[in-house]
Amino acid sequence: MFLFPDPPSSPLKPATEVIFLLDTSQNVSRDLLKVEKELVTLLLQHFNISVTGPRGAVIAYADRPSLTTNFGEDFSDRINSIPLSRAAGRIDRALQYASQLFARSDRNGRKIAILLTASRRNSSLKQLRDAEKSLRLNGAQTFAIALTEVPDIQELLAIVHRSDDIFRVSRGDILSIQSRDIAEKIRNKRGMIIGMSIG
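Right, let's walk through the structure included here. (Residues numbered from 1 in each chain as written. Predicted model: local features only at pLDDT ≥ 70, side-chain atom pairs only at ≥ 80, totals over all residues. Heavy atoms only, no water.)

1. Brief notes about the overall build of the protein chain
Note the following rule: A helix here means a DSSP run of H or I that spans at least four residues, while a strand means a run of E at least two residues long, and both kinds are numbered starting from the N terminus. Partly exposed describes any residue whose relative accessible area lies between the buried limit of under 20% and the exposed limit of over 50%, with all areas from a 1.4 Å probe on protein chains only and scaled to the type maximum. Only heavy atoms enter the contact rule, under which two residues are in contact if any of them lie within 4.5 Å. Only the protein chains shown count as cover for residues, with accessible areas throughout obtained via the Shrake-Rupley method and a probe of 1.4 Å.
Counting its regular elements, the protein chain contains five helices and six strands. When its helices and strands are written in sequence order, the protein chain yields β-α-β-β-α-β-α-β-α-β-α. Expressed as a percentage of its 199 residues, the buried residues of the protein chain come to 52%. In the protein chain, once contacts between residues fewer than 6 apart in sequence are set aside, the share between residues at least 24 apart is 75%. When the accessible area of the protein chain is evaluated, it comes to approximately 9800 Å², of which 49% is carbon and sulfur surface.

The following block contains the structure:
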């Protein structure tokens, strides 16, 4: 099997909106939450997220989603202050919340939802597919970043439109490389082949 490198990607256009969904459920340790926060911070930089350019929002979720930072707001220390939860992770609710946020947007650019997850499945596949469909109907593309060594592929396939929209991050010491590759492929609307690690 031959793999060819992706062509250089262009920066996200100023009208682009990106929502990051951070898993804070009972399956996430303090160290893993730290990895999530660092990864999102790096992706914000790679995407050049700002108030005037491509803009971003952050949702923290466990059994219920919570808006940490809305579009156009200053991220500053808000990401670092996201706490852990002892509740189960409901990915479907987090995705539906992101869909509602996109629906209220006044921009007509590209919409990207990036889900970080270490949760065990607490939603039915139908609930997950319905949530992904809601995002697509609002013009958004969903990407999933699995934070576990052995992700639930069936669950992840229910929340993305294509299998190559799934990524896996399992080592915090190479985040700078992983984040750059993930950002590059998202800008190109491409992902990784399942089963191959990044970096």
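Once you've had a look at it, read on.
2. As for the packing of helix α2 (residues 91–103) against helix α3 (residues 125–137)
Definition in use: Geometry is summarised by axes, namely lines fitted to C-alpha atoms with helices restricted to the contacting stretch, and by angles between N-to-C directions that run from 0 to 180 degrees. Oblique is the label for any angle not under 35 degrees, not over 145, and not in the 65 to 115 range, which are roughly parallel, roughly antiparallel and roughly perpendicular in turn. Each helix crossing is assigned a hand: it is left-handed if the near helix lies turned anticlockwise from the far helix by less than a right angle, otherwise right-handed if that turn is clockwise. All amino acids are sorted into three groups, where Ala, Val, Leu, Ile, Met, Phe, Trp, Tyr, Cys and Pro are nonpolar, Asp, Glu, Lys and Arg are charged, and the leftover types, Gly among them, are polar.
Running from N to C, α2 and α3 point in directions that differ by 15°, and their axes come no closer than 8 Å. In terms of their interaxial angle, α2 and α3 are classed as roughly parallel. Helix-helix and strand crossings are classified by hand; for α2 and α3 the assignment is left-handed. The residues of α3 that touch α2, namely those facing Ile-91, Asp-92, Leu-95, Gln-96, Ala-98, Ser-99 and Phe-102, are Gln-127, Leu-128, Asp-130, Ala-131, Ser-134 and Leu-135. When its residues are assigned to classes, the contact of α2 with α3 shows seven nonpolar, four polar and two charged.

3. Notes on the sheet that holds strand β6 (residues 166–168)
For clarity, the cut-off: We treat two strands as partners when DSSP finds at least two bridges between them.
As summarised here, the arrangement of the six strands in space is β3-β2-β1-β4-β5-β6, forming an open sheet in which the pairing is mixed. Edge positions in the sheet fall to β3 (65–69) and β6, since each of these pairs with one other strand and no more. Taken pair by pair, the neighbouring strands of this sheet meet at an average axis angle of 25°, ignoring direction. Relative to strand β4 (residues 111–117), strand β1 (residues 17–23) is paired through five bridges, and the arrangement is parallel. Within the sheet, the bridge partner assigned to Ile-19 lies in β4 and is Ala-113. This element, helix α1 (residues 30–46), spans β1, β4 and β5 (140–146) of the sheet and lies at about 170° to β1. Against the sheet, α2 makes contact with β1, β2 (55–61), β3, β4 and β5, and its axis sits at roughly 160° relative to β1, the strand it touches most.

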